[in-house]
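Here is what each chain is made of, one letter per residue.
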Amino acid sequence: MKITFSHVSKSYGIVDAVKDISFEVDSGEFVFVVGPSGAGKSTLIKLLLNQIKPTVGSIMIDEFELTQATKSQIDYLRRQIGVIFQDYQLIPDKNIEENIALALDIVGFPASEIPSRIDNVIKQANLSTRRFLFPAQLSGGELQRAALARALAINPKIILADEPTGNLDPQNSWNLVKQLQKISNENNTTIIMTTHNQEIVDSMGKRVIKIESGKLLETSPKVKKVKQKNADN
């Protein structure tokens, strides 16, 4: 799914969270969004999730304009978007399997297909021996893989990853990014990942959108989608 921001601003009173931002992300493209804390990275994620609406400007996901979309169209779009948060946002009193099942139920996934779908994504995230454990029983890397499994469960066309490596050690950070790269390559999934990890950004060779103080400073040229050496070794 293609994403287009056209002259988007979001203001809270006199404070501009983002200001006059325009960029495109092609279907199947993997893009990093970078910038210091408070730059507006998370605001972009919230705008895409329709959790907040722009003060001015247009946000398109394929042919849908978010500010003018009907409730049924918004519901449809949300079923196409998987989200990975820095703080995981797993429900603490449900085990990993139950967390994934709940995500599937919310988007109306056929009940008869939920068990097999859970099996599939748990294996994909290498969590087969952890599926009945609760979040408090998992390591940071396992928690992030569980969050990834939950995001993948709905077969998303877009994955929004908001600082997903922020609480991870270097090895687990690389493991997560490699998995995201594989998903993008195999499923033509559009991925937008916000991050402070400059080493990963520099090594992956992906397009970078840089924002600071709510303004778009630069966006590197689009790159041909190829298999990245650092992502697969």
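Residues numbered from 1 in each chain as written. Predicted model: local features only at pLDDT ≥ 70, side-chain atom pairs only at ≥ 80, totals over all residues. Heavy atoms only, no water.

Colleague: In this structure, what is going on with the nonpolar core? I would like to understand it.
Modeller: Grouped burial of nonpolar side chains is what soluble globular proteins tend to show. If you look at the biggest cluster of nonpolar residues, it comprises 40 residues, and the most contacted ones within it are F32, I84, I100, L104 and L180. Here the element with the most residues in this core is helix α5 (residues 140-153); it accounts for eight residues. Non-local contacts of I84, meaning those with residues more than four positions away in its chain, are made with Q144, A147, L148, A151, I159, L160, A161, D162, P164 and L180. (Core = buried A, V, L, I, M, F, W, Y, C linked by side-chain atoms within 4.5 Å. Buried < 20%, exposed > 50% of the residue type's maximum accessible area, 1.4 Å probe, protein only. Helix = DSSP H or I, 4+ residues; strand = E, 2+ residues; numbered from the N terminus. Contact = heavy atoms within 4.5 Å.)

Colleague: What's the story with the sheet that holds strand β10 (residues 215-219) in this structure? I'm lost.
Modeller: Neighbouring strands of a sheet are bound in pairs by backbone hydrogen bonds; such pairs are parallel or else antiparallel. Taking strand neighbours across the sheet as the criterion, the six strands line up as β6-β7-β8-β3-β9-β10 in an open arrangement whose pairing is mixed. The open sheet is flanked by β6 (81-85) and β10, the only strands paired with a single partner. On average, each strand axis in the sheet is inclined to that of its neighbour by 20 degrees, with strand direction left out of account. Relative to strand β8 (residues 190-195), strand β7 (residues 158-162) runs parallel, the two being bridged by five bridges. In the sheet register, A161 faces β8, and the bridge partner there is M193. Along the sheet, helix α6 (residues 170-187) contacts β3 (30-34), β6, β7 and β8; its crossing angle with β8, the most-contacted strand, is approximately 160 degrees. (Pairing = 2+ DSSP bridges. Axes fitted to C-alpha atoms, helices over the stretch in contact; angles between N-to-C directions.)

Colleague: Is there a simple way to think about the environment of D105 in this case?
Modeller: Here D105 is to be found in helix α3 (residues 96-106). Among the residues examined, D105 registers a relative accessible area of 51% and is labelled exposed. Placed 49 residues apart in sequence, D105 and I154 show a C-alpha to C-alpha distance of 9.6 Å.

Colleague: In this structure, what is going on with the packing of aromatic side chains? I would like to understand it.
Modeller: Think of a pair of aromatic rings as described by two things: how far the centres are apart, and how the planes are tilted against each other in angle. Under the defined criterion, the tally for this structure stands at three aromatic pairs. With a centroid separation of 4.7 Å and an interplanar angle of 15 degrees, the aromatic rings of F5 and F23 are classed as stacked. Here F5 is found in strand β1 (residues 3-12), whereas its partner F23 is found in strand β2 (residues 15-25), with 18 residues between them in sequence. Given a relative accessible area of 2%, F5 falls into the buried group. Owing to a relative accessible area of 7%, F23 belongs among the buried residues under this scheme. Here the aromatic rings of F64 and Y76 are separated by 5.7 Å at their centres, their planes lie at 55 degrees, and the arrangement is tilted. Note that F64 is positioned in strand β5 (residues 64-65) and Y76 in helix α2 (residues 71-78), a separation of 12 residues in sequence. When its relative accessible area of 13% is taken as the criterion, F64 is described as buried. Sitting over the face of the ring of Y12, K10 holds its NZ or CZ atom 5.1 Å from the ring centroid. (Phe/Tyr/Trp six-rings, centres within 6.5 Å; stacked < 30°, edge-to-face > 60°. Lys NZ or Arg CZ within 6 Å of the ring centre and 35° of its normal.)

Colleague: Any chance you could explain the packing of α5 against α6 here in plain terms?
Modeller: The axes of two packed helices give the description: the angle between them and the distance between them. Look at α5 against α6: their axes get within 10 Å of each other, and the N-to-C directions meet at 15 degrees. In this view, α5 runs roughly parallel relative to α6, as classed from their interaxial angle. Considering only the axes of α5 and α6, their crossing is right-handed. For the pair α5 and α6, contact is made by G141, Q144, R145, L148 and L152 and by N172, L176, Q179, L180 and I183, respectively. (Parallel < 35°, antiparallel > 145°, perpendicular 65-115°, else oblique. Left-handed = near helix turned anticlockwise from the far one by under 90°.)

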